[in-house]
Amino acid sequence: MKKSENIVVGISIGDLNGIGGEIVLKTFEDARMLDFCTPIIFASAKSMNFFKTHFNSEINFNSINSINQLVFGKVNVLNCWTEAVTIEFGKEDIKIGEYAIKSLQAATKALKEGDIDVLVTAPINKSNIQSNDFKFPGHTDYLAQELEGESLMFMVTDSLRVGLLTDHVPVKDIVQNLTEALIVKKINAVYKSLLMDFKIVRPKIAVLGINPHTGDNGVIGNEDDTILRPTLQKIKEEGKLVYGPYAADSFFGSNNYKNFDAVIATYHDQGLIPFKTLSFGQGVNFTAGLNKIRTSPDHGTAYEIAGKGVADANSFKEAVFAAIQIFKNRFEYEELTSNPLQKSRQKM
């Protein structure tokens, strides 16, 4: 990891027919953003100039054809294609999906090779990105294959962090996926991320139940008693502050979530519905557990408002800030935990 200054933020442009181009423009129209980072947008100067004209933006781009042409303090656009692209806001288009993947693959390659420090992804359409060469439900699954570590979808704000035991899994398959090994792996990933990425010294974690009312002593299913409770007990015995399972229906409404550093939901909607209700437009999707940092806004392509100039860029801007802060936290964590004996000798 490089020093925690002049942080280079790579941006995959996402679905060109969605709001990605607009929220990227709005984020970096504020020149103060360049005090925090140097962005590289993986797209093309032609496509970005189309957005600039359409949205009457005064932003200036530095067009580059390779990373070594990067100019710090400028909004750089790395040309991943040279041809003109027909952009039709709000339209689901397989061809546009191909450009979204070109951008993502180029940005991921740069991330793996250390040419960018962090990756922030604009929204894609999970349907039009599918092809013979790309068969992933979304960003998280693709990055989990390309990067090192065990990925974890971690939705975060300043006051709320929600992780998931299972993410893009059909409801009918949730229980069969909830093994002791998976639960241990995901909780450990959240615990490590809280230490390393958020500078929380003694993380306190709540886990939500599988069934309504955590099964009501077997009346509404026994998975909480046979799978979840015994596994959580083993993790507690390791000295981790892990509590639950809690009944999910009242956990957020009672503000109990405020007593914990993170909440782990057992499946996608159980965690994301309350998260987005409490923080929509401010939340960040962070792919924790990997050796590289990736964040994204907490919303999708928003075809219904694409091209109208009304998209809210706050979540994307928060995703940029989160990536930068997590990068700095990891840098500090690695500095503090690498060769502590050697460092103490050097001070003597």
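Nothing here was measured: the structure is a model prediction, and the numbers come from that model. (Residues numbered from 1 in each chain as written. Predicted model: local features only at pLDDT ≥ 70, side-chain atom pairs only at ≥ 80, totals over all residues. Heavy atoms only, no water.)

Caption draft 1: Representation of the overall build of the protein within the structure. Summing up its helical and strand segments, the protein has eleven helices and twelve strands in all. Radius of gyration (C-alpha) of the protein: 21 Å, near the 20 Å computed for a compact globule of 348 residues. Projected onto the principal axes, the alpha-carbon positions of the protein cover approximately 60 × 60 × 40 Å. Going through the 348 residues of the protein one by one, you find that 51% of them count as buried. (Helix = DSSP H or I, 4+ residues; strand = E, 2+ residues; numbered from the N terminus. Rg over C-alpha atoms; globule rule 2.2 N^0.38 Å. Buried < 20%, exposed > 50% of the residue type's maximum accessible area, 1.4 Å probe, protein only.)

Caption draft 2: Just the sheet that holds strand β2 (residues 38–43), in detail. Read from one edge of the open sheet, twelve strands run β3-β4-β2-β1-β5-β12-β11-β6-β7-β10-β8-β9, paired in mixed fashion. The open sheet has two free edges, formed respectively by β3 (61–64) and β9 (241–246), since each of these has just one partner strand. When the angles between neighbouring strand axes are averaged without regard to direction, this sheet yields 25 degrees. When strand β11 (residues 284–290) meets strand β12 (residues 293–297), the two strands line up antiparallel, connected through three bridges. Across the sheet, residue N285 finds its bridge partner in β12, namely S296. Here helix α6 (residues 180–197) sits on the sheet in contact with β6 (149–156), β7 (161–164), β8 (204–208), β9, β10 (262–265) and β11, set at roughly 70 degrees to β6. (Pairing = 2+ DSSP bridges. Axes fitted to C-alpha atoms, helices over the stretch in contact; angles between N-to-C directions. Contact = heavy atoms within 4.5 Å.)

Caption draft 3: Up close: unusual backbone geometry. With an omega of 5 degrees, the peptide bond running from G244 to P245 counts as cis. Within the secondary structure, P245 sits in strand β9. Despite not being glycine, A302 shows a phi value in the positive range, around 50 degrees. Turning to its location among the elements, A302 is positioned in the loop between β12 and α10 (314–337).

Caption draft 4: View of the packing of aromatic side chains. Tallied over the full model, the rule gives 14 aromatic pairs. Ring pairs connect the aromatic residues Y243, Y246, F251, F252, Y257 and F260, which therefore count as one cluster. For K204, the ring lying beneath its charged end belongs to F260, and the centroid distance is 5.3 Å. (Phe/Tyr/Trp six-rings, centres within 6.5 Å; stacked < 30°, edge-to-face > 60°. Lys NZ or Arg CZ within 6 Å of the ring centre and 35° of its normal.)

Caption draft 5: Up close: α10. With 24 residues, α10 should reach 34 Å at 1.5 Å per residue; the first-to-last C-alpha distance of 34 Å fits that figure. Listing the buried residues of α10 in full gives S315, F316, A319, V320, A322, A323, I324, I326, F327, N329 and R330. On its buried side, α10 packs onto β1 (8–12), α1 (20–29), β5 (118–121), α6, β11 and β12. (Expected span 1.5 Å × (residues − 1).)

Caption draft 6: Inspection of the nonpolar core at higher detail. L16, F28, I41, M48, F154 and F316 are the most contacted members of the largest nonpolar core, which has 68 residues in total. If one sorts the elements of this core by residue count, α10 sits on top with eight residues. With residues up to four places along the chain from it excluded, the contact list for I41 reads I11, I13, V24, M48, F61, V75, N76, V77 and L78. Residues V8, L70, A100 and L290 belong to the second largest nonpolar core, which totals 22 residues. (Core = buried A, V, L, I, M, F, W, Y, C linked by side-chain atoms within 4.5 Å.)

Caption draft 7: Summary view of the side chain of K240. Relative to the helices and strands, K240 is located in the loop between α7 (223–237) and β9. Within the structure, the side chain of K240 is placed 3.3 Å from the side chain of E238, a separation counted as a polar contact. Setting aside its immediate chain neighbours within four residues, K240 contacts N188, Y191 and I235. (Polar contact = N/O pair within 3.5 Å; in protein donor to acceptor, adjacent residues only side chain to side chain.)

Caption draft 8: Local environment of the packing of α1 against helix α2 (residues 45–54). Two elements in contact, α1 and α2, have axes whose closest approach is 10 Å; the angle formed by their N-to-C orientations is 75 degrees. Viewed along their axes, α1 and α2 adopt a mutual orientation that is roughly perpendicular. Here G21, V24 and L25 of α1 come into contact with α2, specifically with M48, F51 and K52. Along the lines of polarity and charge, the residues of the contact of α1 with α2 split into four nonpolar, one polar and one charged. (Parallel < 35°, antiparallel > 145°, perpendicular 65-115°, else oblique. Nonpolar A, V, L, I, M, F, W, Y, C, P; charged D, E, K, R; others polar.)

Caption draft 9: Local environment of the pairing of β5. What you see with β5 is no split at all: V118 and V120 on one side and L119 and T121 on the other are buried throughout. As judged from the four bridges shared by β1 and β5, these two strands associate in the parallel manner. Of the residues in β5, the one forming a bridge with V9 is V118. When β5 meets β12, the two strands line up parallel, connected through three bridges. Within β12, the position partnered with L119 by the bridge is R294.

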